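Take a look at the letters that make up each chain.
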Amino acid sequence: MASLLQSRTPSLSFSSSLCSTPVIRPSVSFLKPRSGPRIPVVRAKIREIFMPALSSTMTEGKIVSWIKSEGDVLSKGESVVVVESDKADMDVETFYDGILAAIVINEGETAPVGAAIGILAETEGEIAEAKAKATSQFSSAPAPSAPKVEESSPAPKVDAPSPPVDAAPAPSTPGKVVATPYAKKLAKQYKVDIGKLVGTGPFGRITPEDVEKAAGITPAPKSNVAAPAAPVASSAPASVPSKAPSNFPEIPGSTVVPFTTMQAAVTKNMLESLSVPTFRVGYPIATDALDALYEKVKPKGVTMTALLAKAAAVALAQHPVVNATCKDGKSFTYNSNINIAVAVAINGGLITPVLQDADKLDLYLLSQKWKELVEKARAKQLQPREYNSGTFTLSNLGMFGVDRFDAILPPGQGAIMAVGASKPTVLADKDGFFSIKNKMLVNVTADHRIIYGADLAAFLQTFSKIIENPESLTM
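Because the structure is predicted, anything quoted here is derived from the model rather than measured.

(A) The arrangement of the nonpolar core in detail. By size, the foremost hydrophobic cluster in this structure holds 88 residues, and its most contacted members are I340, M417 and F463. Sorting elements by how many residues they give to this core places helix 15 (residues 304-318) first, with nine residues. Excluding anything up to four places from it in sequence, M417 contacts F392, T393, L394, S395, V442, N443, V444, F459, L460 and F463. Among the nonpolar cores identified, the runner-up in size contains eight residues, and A179, A187, I194 and V211 belong to it.

Structure below.
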């Protein structure tokens, strides 16, 4: 009742403060909604459920399962569908009350970010209209799909209806810019005013191609994509597959397995990292003291991963340049937080859960958080910030007996540490006496644009001292 009164009070005071004749002003304000712009808003009772961007790197998503079925009544904030992004499976909620009239993208199918995956009707009387809308979109798919294949090749079903629809929704929602995340990134990069563009994607959505056209760089992307997309020119498609068999002959009985969404994301990130000039530095570290500490704290739930992450975080606090980031090739950023990402192998891919503010947490709380992150990672339930906020990565293959390896630098980070197994090693002191000590070899791959050899050597010296005298890690 209180909220209702609050909502009414401004309207009353608004009309009384603007008019001296209460009879005239209400008639004027009543006539305003009859003008053009507000009519579509009132009648927009059929809404699309769009494929959300669940991470900054996500360009498409796969429908794992529909929690709701066609005809189910939905409430605002209720989970409707489970979507597989490039890193995790996440529940997608509805922003409106209504009825799930039609499922556009079925389980197991993929759709680009921003594409409609379902149709929501406000009342039962609009279900038939909503289903007809979904059916009409797909019935028109074969005709316009040919010229639009280059826009959204992963999901031609959703991309197809863009030609007949892109002209209508754009003016119906003035002031709201609807664009894919990559299109926004390109617009910022090429200094294009995205608010002035007319989208050619699904439902008037602005696509990367729209931004590139506005920036005047259309020939390059078209030449790359048009060759495989054009079905008319037989020479172009024929030349592409003719090279593949010559270089990679088909082996009888082999099976082609397409990448999962996560594997595709890993591939994209690894290829992106090739553009960064990197160098590698190895450093042997005695681990007898660390092994002894681990035996003491292991019954309390502390893992070796937590010990190594804590040691790396403490060392990074003394060498902030190793925790820095270079993203544009023109400047670099000193990160205020030390977030240690740790590589974890899961079924069907690789993910890096992040221990945020690892230098500020005590060892036991850090171990508890790590256990929770691993459980969520294996269940594919990590939130985006729990896997994409790392500033330094740790990769440990020591538990598999690997004594040394090089790690590939993740995009957006300054360095990654590869930790090998601790093994007995024969050592000679300055007096010529021999002894046996456990040693592990760590290799760090770093971005040479911001981190130099002396920086990395100093960091490894500090890290080595912490490992060889690890008592401070428990404080």
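(B) How the structure looks around the sheet that holds strand 4 (residues 79-84). Strand order in the open sheet formed by four strands is 5-4-2-7, with antiparallel pairing between adjacent strands. For this open sheet the edge positions go to strand 5 (89-93) and strand 7 (110-112), each flanked by a neighbour on one side alone. Neighbour-to-neighbour, the strand axes of this sheet turn through a mean angle of 40°, independent of strand direction. Relative to strand 7, strand 2 (residues 60-66) runs antiparallel, the two being bridged by three bridges.

(C) How the structure looks around helix 9 (residues 181-190). When we look at burial in helix 9, the residues that qualify are A183, L186 and A187. Viewed along the axis of helix 9, the buried residues span an arc of 105°, placing them on a single side of the element. Facing away from the buried side of helix 9, by more than 90 degrees, are the exposed residues K185 and K188. The elements touched by buried residues of helix 9 are helix 10 (208-214). Taken from the residues just after helix 9, K191 is the one with a positive phi, measuring 60°.

(D) Just the pattern of salt bridges, in detail. Applying the stated criterion to the full structure yields six salt bridges. When the shortest N-O distance is used, the salt bridge between K68 and E78 registers 2.7 Å. On the criterion of sequence distance, the pair formed by K68 in the loop between strand 2 and strand 3 (73-74) and E78 in the loop between strand 3 and strand 4 is long-range, its members being ten residues apart.

(E) Representation of the packing of helix 15 against helix 18 (residues 453-468) in the model. Between helix 15 and helix 18, whose axes approach to 9 Å, the crossing angle comes to 135°. Here helix 15 is positioned oblique relative to helix 18, judged by the angle of their axes. Read as a crossing pair, helix 15 and helix 18 show a hand that is right-handed. The residues of helix 18 that touch helix 15, namely those facing L308, A311, A312, V314, A315, L316 and Q318, are F459, T462, F463, I466 and I467. Partitioned by chemical class, the residues of the contact of helix 15 with helix 18 number ten nonpolar, two polar and no charged.

(F) Here's a closer look at the packing of helix 14 (residues 288-297) against helix 15. At their nearest, the axes of helix 14 and helix 15 sit 10 Å apart, and the two run at 125° to each other. Judged by the inter-axis angle, helix 14 sits oblique to helix 15. Here the hand of the crossing between helix 14 and helix 15 comes out right-handed. Within the contact between the two elements, helix 14 uses L290, D291, L293, Y294 and V297 and helix 15 uses M304, L307 and L308. Class assignment of the residues belonging to the contact of helix 14 with helix 15 gives a composition of seven nonpolar, no polar and one charged.

(G) Seen up close, the environment of L271. Tracing the backbone through its elements, the reader meets L271 in helix 13 (residues 261-273). With a relative accessible area of 56%, L271 lands in the exposed category.

(H) The arrangement of the sheet that holds strand 3 in detail. The four strands lie next to each other as 1-8-6-3, forming an open sheet whose pairing is antiparallel. One side of each edge strand has no neighbouring strand; the edge strands of this open sheet are strand 1 (46-50) and strand 3. Where strand 3 and strand 6 (residues 98-103) come together, two bridges link them in antiparallel fashion. Residue pairing in the sheet places L74 in a bridge with G98 of strand 6.

Rules used throughout
Residues numbered from 1 in each chain as written. Predicted model: local features only at pLDDT ≥ 70, side-chain atom pairs only at ≥ 80, totals over all residues. Heavy atoms only, no water. Core = buried A, V, L, I, M, F, W, Y, C linked by side-chain atoms within 4.5 Å. Buried < 20%, exposed > 50% of the residue type's maximum accessible area, 1.4 Å probe, protein only. Helix = DSSP H or I, 4+ residues; strand = E, 2+ residues; numbered from the N terminus. Contact = heavy atoms within 4.5 Å. Pairing = 2+ DSSP bridges. Axes fitted to C-alpha atoms, helices over the stretch in contact; angles between N-to-C directions. Arc of directions from axis to C-beta. Salt bridge = Lys/Arg side-chain N within 4 Å of Asp/Glu carboxyl O. Parallel < 35°, antiparallel > 145°, perpendicular 65-115°, else oblique. Left-handed = near helix turned anticlockwise from the far one by under 90°. Nonpolar A, V, L, I, M, F, W, Y, C, P; charged D, E, K, R; others polar.

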